[in-house]
Amino acid sequence: MIKKNSFALLWYLFVVVSMAPAADNVVINEIHYHPIDDAPTEFIELYNPTTAPVDVSNYAFIDGISFTIPGGTVIPSKGFLLVVQDPSSNEWRGLSKTGPYIGKLSNQGEEIVLRAPDGRTIDSFSYSDYSPWPRGADGYGSSLERIDPDLNSNDYHSWRASLEEGGTPGKQNSVINVPHKPVLLSYQTIPAFPTSKKPIQIQVFLDGAEDIQDAELRIETVTTNSRDASSFTAPMTRMEESVDIVKYNADITAQPSQTLVRFSIDVTLVNGNHLRLPHVSEPRPFESFFVYDNDIPSKLPILWMFPPRTTKLSSQLKIVTGVAIKPLDQDFVSVYDCAAITDSRNGQKVKFLKGEEHRGDRTLNISLESPLEGTTAGPQSPHVEHISYRLFGDFGVLTLRCDWYRVIARGGHEQRIAVQQPNEQFIKMNGRDSDGNIYKIAYNEPGGYSKKTNIYEDHSDYQELFQYVNINNNRNLAESLRKYLAIEEVMGYEVALNLLSHWDGIKNNIFLYHNPEPIDRWEIIPWDVDKTFGYTDSDPMFWKMPIDFPLTGDAPGSPELISRNLVGPIGRPFHMDSELHQEYKKRVEEALSGLFSIERVEGMIQEAEDLLNEDLDLIESYTGMTRSSRRNQIKESYDTMRTFLYRRHEYLRSQLPTSFTFTRKTPRQSFHAGETLAGNELEVTSREGNPIHLTVAENIPNGFSVTYVHTDTGTFQVINGSIVWELTDVTGAAVLTYDITAHASNPPLTTQITGTILEDEVSYSTGMVELNYLPENEDELGADWTIGAGEWTVIDGVLNCRSNTSDDPKHVWIERDFGVSDYIVKADVRMMNWVDTDYARSGAAVCVNPADNENALNIVLHEDLGSVDLLNDHVMWGTRESYSWEIGEWYTMTLQLVGTVLKGSIKKTGTAENPYPITWNESRNTSRAPGYPGLTGPSLDGLTAQFDNFEVIVDGNVVFSDDFNRNVAVQNWELHD
């Protein structure tokens, strides 16, 4: 009887003796050099094609990776051994494996060498990620598989991309019986750039000429409208050939302009087998060209977007997308077929095939022409992003390129921006080390951040950064900032961020890039800059970001931002360094007369607006469709940016030290045709009594003429539509007054008063005042009123509130302290249209306080034609009283708060009807001190309410009144109980 251990020993001796001669026959059979997302599932597979086991003990990989196979390792006959990057991965469960190896297989290609212990080369080859080597193994899911172990490993014909995602580790290759020839070497069309005017000849060049019997062309034609497609075949004619290369021609009929033509080749071999080229596992299993007559007039580069469509050109059905692009400086169209198009939050993301990048870009983010409000800054967001990215770049920041394109998709023409993606390719294009780490910081990332490159490596560099660059590291903070940050680039980011009021980029929507050793510094990459030029999420014009905002996080100019934590992880420590903060303030001031000057930025805005309008003219002419809404979107977006620019300059100048102060008084901000706006006033005052030398230029608004100017100080001239006021050796205050008169015919709907002050070649903006044209029967709401939201206009002596959104609330109020909390508000109210819904409410209000997130106490017509209610907005609902009322009829409302008791009444105006009383006692009714008296408009888009005879009454006396005609003396007003 043979003992178990003795049997095992005999078997081992038999294996060792019988396998020695076969070692040189082991081959490198498969490599997975570029897994999707660079997952740690790299491997090299060795295969023993012989009939005997092979001992590979101490065989070593010396190029590509470094690894010596452990002693006692045996590959059985027809067996496999995986040399893996991460032996702990579940991918290798149940498989024969060894590792880990040192290094990483190159995604770009390199030489791999396996040597025996005595120095003999067992197998070696140099692979590449570019054609004619298979590209499907380069990050598209496949491994690189050997067709036959007997074929030369150094010949690209011997390899194909696997037909299975992740390859076939530890089992027979999926491409084992694929013919190694022919391969499609190249193709061309005659003419080179086809048009719809002529037939097209397609010429393909194949190798393996002696193996080919004949060939047939398979064709699909596609347009941007996925319904317009057809497929057909065309015979191919064999033409001249060399020893191994043969040319085949096929003629097809002329195709319509803007048609994408895709084709593959069916090859019949002399042995009777069939082969379709290109190979099915390639990222583009067909070739393409574009037919175009250069018939689309455009001021922008054109991008055709081909939506998902199932193609039958491959031997397996596949859903493919693609794009074609015609740059402005190029007479032909470049085709990027099989570029992946995926929907994103507000547009599409286009990812180009490797080696076929557009201008070097691997990925472009294509926005919608008019993004939705709520998820972005709405329709103005692409316009502000285009300018903002450019400005960040001007300040030396590592910035994404953003360009306008004419995008043609599903038959329509749109103007959309394309923004680069922060990735390795972007880093490389900007002269940085593409091996560096990129992190995204955003609210919606797990833990507040995520790693975007080298994602299977650890995050230790990110953790180290914030271990030392933080506000608690006060002792060594200055040293840490300079050790870890690229100071100049971060300085540029902080300056541009403040100038643009980019509150959303302080601690959200930013990328951090770590440039590795020897540089070893971090930079900030701005991202998603749609909320620049004054946009918040509810207040669309935030220009009062203080210059010290990065330190304080306080945004007094925007109630919507007060409750947010706006302290940046990089910005706060950066600005706590007094030297850096002072330099930052200096650069902000310099930028106001330099990179961010009104003249320069307004020129950028005007250039972009003109470009889009000129291109829109061409779109309308080509399509025969009027795009009024798009034209309005362009105008409103750039007008908003101009308004922000002037107001931002005015505000920042007030924060920076100057030798003077400036104020402008404009009694009216609306006008009728032919009306004179009198009493406009400019006042300049020297600081601390020091003499000042200034040139003040007041730009007369479009559609107006200067009709009166007066000053007792300095001299003035009216030159080319401006009042130029020269002040020399002025101490104290100097005042200039002027009148302007609107043109009697064709006045502008909106126009602006702007101006500048020049001191020692430094230009200061004096801000912007917008003037609005009113028809003869309309007037503006008086200067005592503050408008919260909604369109409030006086028409024929009646205040109208038209709800232009379905946002709540819609208030106006008198921002004045009347000295007591229990004042009475009285107003006449009527609804002009109605929908039974909560947001249809309208009425009078007390304790309007826009800063407390509760807004007002109200008496309102509410929900339906049978209810009037007292409401405590945003805290809880109050009463539900039954009072029948009618659309189009006036009702007089009163409202008073005494302690915690809210008392109201309503009656039909001008009747003997007894007022209908309502009361509500709730402890939180007093939570809005000081609060202001006001009115509540409808919060449903499209509804209109009207108001008249507004009063504020204290101790039985009317202390404020407005009948919106301003011609009734207060003492003659009727008081209501």
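Quick caveat, the model's predicted, so the values are computed rather than measured.

In this structure, Leu485, Leu499, Phe533 and Phe596 are the most contacted members of the largest nonpolar core, which totals 81 residues. Contacts of phenylalanine 533, omitting those with residues within four sequence positions, involve Val384, Ile387, Ser388, Leu391, Leu500, Met541, Val601, Ile605, Met641 and Phe644.

Of all 5 residues that make up strand 21 (residues 287-291), 5 are buried, and the element is covered over most of its length. Every second residue of strand 21 is oriented toward a common face, with Glu287, Phe289 and Val291 on one face and Ser288 and Phe290 on the other, all of them buried. Sheet analysis places strand 19 (residues 259-269) next to strand 21, joined by 5 bridges and oriented antiparallel. Opposite threonine 259, over in strand 21, you have valine 291 as the bridge partner.

The geometry of helix 4 (residues 460-468) relative to helix 5 (residues 477-484) is characterised by a closest axis approach of 9 Å and an angle of 150 degrees between their N-to-C directions. As the angle between them shows, helix 4 and helix 5 are arranged roughly antiparallel. Residue-level inspection shows Glu464, Leu465 and Tyr468 of helix 4 in contact with helix 5, the latter providing Leu477, Ser480 and Tyr484. Grouping the amino acids of the contact of helix 4 with helix 5 by side-chain chemistry returns 4 nonpolar, 1 polar and 1 charged.

In this section: the sheet that holds strand 1 (residues 27-32). The strands that make up a sheet are held in pairs by hydrogen bonds between backbone atoms, and each pair lies either parallel or antiparallel. Here 6 strands make up an open sheet; going across it, the order is 8-7-2-1-11-12 and the pairing mixed. Where the open sheet ends on each side, the last strands, each with one partner, are strand 8 (97-98) and strand 12 (159-161).

Enumeration according to the criterion identifies 35 aromatic pairs in this entry. Ring geometry for tyrosine 439 against tyrosine 462: centres 4.7 Å apart, planes inclined by 35 degrees, an arrangement best described as tilted. Highlighted residues: tyrosine 439 in strand 30 (residues 437-441) and tyrosine 462 in helix 4, separated in sequence by 23 residues. The pair formed by tyrosine 439 and tyrosine 462 is uniform in burial state, with each residue classed as buried. Linked through ring pairs, Tyr33, Phe125, Tyr127, Trp133 and Trp159 together constitute an aromatic cluster.

Moving on: helix 10 (residues 578-592). For helix 10, which comprises 15 residues, the first-to-last C-alpha distance of 22 Å matches the rise-based estimate of 21 Å (1.5 Å per residue) to within 8%. Among the residues of helix 10, those classed as buried are Leu580, His581, Tyr584, Val588, Ala591 and Leu592. Along the axis of helix 10, the buried residues cluster in a sector spanning 115 degrees; they form a single face. Opposite the buried face of helix 10, at more than 90 degrees from it, the exposed residues are Ser578 and Glu579. By the N-cap criterion, in which a side-chain oxygen at the helix start approaches the backbone nitrogen of a residue two or three places on, helix 10 is capped by aspartate 577, the distance to glutamate 579 being 3.1 Å.

Take a negative patch on the surface next. On the surface, Glu424, Asp435, Glu457 and Asp458 cluster together into a negatively charged patch. With respect to the helices, strands and loops of the structure, glutamate 457 is situated in the loop between strand 31 (449-451) and helix 4. Take glutamate 457: its relative accessible area is 48%, and that puts it in the partly exposed class.

Here we take up the sheet that holds strand 34 (residues 660-665). Taken in spatial order, the 4 strands line up as 34-36-41-38 in an open sheet, and their pairing is antiparallel. The outermost strands of the open sheet, each flanked by one partner alone, are strand 34 and strand 38 (704-711). Adjacent strand axes in the sheet meet at a mean angle of 20 degrees when their direction is disregarded. With 6 bridges joining them, strand 34 and strand 36 (residues 676-686) adopt antiparallel strand pairing. Looking at strand 36, one finds that phenylalanine 662 is bridged to valine 684.

With that settled, consider the pattern of salt bridges. Summed over the entire model, instances satisfying the criterion amount to 45 salt bridges. Notably, a salt bridge pairs aspartate 394 with arginine 600, separated by 2.8 Å at the nearest N-O pair. One end of the pair, aspartate 394, is in helix 2 (residues 381-394); the other, arginine 600, is in helix 11 (residues 598-623), and 206 residues separate them in sequence. Owing to a relative accessible area of 29%, aspartate 394 belongs among the partly exposed residues under this scheme. Residue aspartate 403 is joined to arginine 401 by a salt bridge in which the shortest nitrogen-to-oxygen separation is 2.7 Å. Several salt bridges share partner residues, and in doing so they unite Arg135, Arg284, Glu287 and Glu356 into one network.

What counts, and where the lines are drawn
Residues numbered from 1 in each chain as written. Predicted model: local features only at pLDDT ≥ 70, side-chain atom pairs only at ≥ 80, totals over all residues. Heavy atoms only, no water. Core = buried A, V, L, I, M, F, W, Y, C linked by side-chain atoms within 4.5 Å. Buried < 20%, exposed > 50% of the residue type's maximum accessible area, 1.4 Å probe, protein only. Contact = heavy atoms within 4.5 Å. Helix = DSSP H or I, 4+ residues; strand = E, 2+ residues; numbered from the N terminus. Pairing = 2+ DSSP bridges. Axes fitted to C-alpha atoms, helices over the stretch in contact; angles between N-to-C directions. Parallel < 35°, antiparallel > 145°, perpendicular 65-115°, else oblique. Nonpolar A, V, L, I, M, F, W, Y, C, P; charged D, E, K, R; others polar. Phe/Tyr/Trp six-rings, centres within 6.5 Å; stacked < 30°, edge-to-face > 60°. Expected span 1.5 Å × (residues − 1). Arc of directions from axis to C-beta. Polar contact = N/O pair within 3.5 Å; in protein donor to acceptor, adjacent residues only side chain to side chain. Patch = residues over 30% accessible without salt bridge, like charges linked within 9 Å, V, L, I, M, F, W, Y side chains within 5 Å. Areas by Shrake-Rupley, 256 points an atom, 1.4 Å probe, with all protein chains shown as cover. Salt bridge = Lys/Arg side-chain N within 4 Å of Asp/Glu carboxyl O. Lys, Arg positive; Asp, Glu negative; His and termini not counted. Charge placed at Lys NZ, Arg CZ, Asp CG, Glu CD.

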